[in-house]
Amino acid sequence: MRPSERERSQDKEFWRARLKQFKDNTIQAMGCGFDWDLIDDIHKKIVYPHYQKGMKVLDAGCGMGRTADWFDKDDYTGFDFMEEFIALAFKKHPDRKFLALDIKEGLPFQDKEFDLCIAVSFKHIFITGAGEEAWERALTELRRVSKKVFLLPYGNNNPEDIKNHTEI
């Protein structure tokens, strides 16, 4: 049986084919028909009370760096396992720090190096491609490098679902 698109979320060749198909438009490649303005407004209300300029922020599974401008340029670090997403993030946000990293291999950061970690849709996308056991290891790694972790769902444009975040 052929894996579904959701199950292929940790397959680099799947994402490369999608990027090629949609000419490097990561929003279309991800198949998102989401109202990101609505989602961002709700997520910012969740995260901003915990953020002050000078705090170090890690964006797990940052993709093209969509949330990079939420934070001061010196405070932000984004990572994704797709080198192509990171290249697109740098093009869009050349003053931000982005790293091509696969959390399944561990993260090269010190314990509690970051004050905040945000992870928009990261849990859902990660679990569908890697499974629950790998997710538990990834979550342990996010907790290791961050003082506070926010798992933020995209919520399919439903404001109540979008608010249903997990703070760790």
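Residues numbered from 1 in each chain as written. Predicted model: local features only at pLDDT ≥ 70, side-chain atom pairs only at ≥ 80, totals over all residues. Heavy atoms only, no water.

**Topic: the packing of aromatic side chains**
Then comes step 1: Going through the model one piece at a time under the given rule, you end up with 13 aromatic pairs.
Then comes step 2: Ring plane angle 70° and centroid distance 5.6 Å describe the contact between Tyr76 and Phe98, whose orientation is recorded as edge-to-face. Within this pair, whereas Tyr76 is found in strand 2 (residues 76-80), its partner Phe98 is found in strand 3 (residues 97-100), the two being separated by 22 residues in sequence. Of the two residues, Tyr76 and Phe98, both sit in the buried class.
Then comes step 3: Ring geometry for Phe122 against Phe126: centres 5.6 Å apart, planes inclined by 35°, an arrangement best described as tilted. Taken together, the positions of Phe122 and Phe126, both in helix 5 (residues 122-130) and four residues apart, correspond to about one turn of that helix. Per residue, the accessibility class of Phe122 equals that of Phe126, and both read buried.
Then comes step 4: One aromatic cluster is present, built from ring pairs that chain together Tyr48, Tyr51, Trp70, Phe71, Tyr76, Phe90 and Phe98.
Then comes step 5: The aromatic ring of Trp36 is capped on one face by Arg66, whose charged end is 3.8 Å from the ring centroid.
Then comes step 6: In this arrangement the basic side chain of Lys104 is found over the ring face of Phe81, its NZ or CZ atom lying 5.6 Å from the centre. (Phe/Tyr/Trp six-rings, centres within 6.5 Å; stacked < 30°, edge-to-face > 60°. Helix = DSSP H or I, 4+ residues; strand = E, 2+ residues; numbered from the N terminus. Buried < 20%, exposed > 50% of the residue type's maximum accessible area, 1.4 Å probe, protein only. Lys NZ or Arg CZ within 6 Å of the ring centre and 35° of its normal.)

**Comments concerning the packing of helix 1 (residues 12-21) against helix 4 (residues 83-92)**
Then comes step 1: Direction vectors running N to C along helix 1 and helix 4 enclose 45°, while the axes themselves pass 9 Å from each other. One way to sum up the angle between helix 1 and helix 4 is to call them oblique. Between helix 1, through Lys12, Trp15, Arg16 and Leu19, and helix 4, the contact on the second element is made entirely by Glu83, Glu84, Phe85 and Leu88.
Then comes step 2: Its residues assigned to classes, the contact of helix 1 with helix 4 comprises four nonpolar, no polar and four charged. (Axes fitted to C-alpha atoms, helices over the stretch in contact; angles between N-to-C directions. Parallel < 35°, antiparallel > 145°, perpendicular 65-115°, else oblique. Contact = heavy atoms within 4.5 Å. Nonpolar A, V, L, I, M, F, W, Y, C, P; charged D, E, K, R; others polar.)

**So, the environment of Trp135**
Then comes step 1: The residue Trp135 is located in helix 6 (residues 132-145) in this model.
Then comes step 2: As for Trp135 and Trp70, which are separated by 65 residues in sequence, their C-alpha atoms are 26 Å apart.
Then comes step 3: Those residues in contact with Trp135 that lie beyond four places of it in its chain are Phe122, Lys123, Phe126, Ile127 and Leu151.

**A few points about the side chain of Asp80**
Then comes step 1: With respect to the element layout, Asp80 can be found in strand 2.
Then comes step 2: We note that Asp80 is buried and unpaired, the nearest opposite charge coming from Lys12 at a distance of 8.2 Å.
Then comes step 3: At 2.8 Å, the side chain of Asp80 and the backbone nitrogen of Gly63 are in polar contact.
Then comes step 4: Filtering out sequence-adjacent residues up to four positions away, Asp80 remains in contact with Gly61, Cys62, Gly63, Phe85, Ile86, Leu99, Ala100 and Leu101. (Lys, Arg positive; Asp, Glu negative; His and termini not counted. Salt bridge = Lys/Arg side-chain N within 4 Å of Asp/Glu carboxyl O. Polar contact = N/O pair within 3.5 Å; in protein donor to acceptor, adjacent residues only side chain to side chain.)

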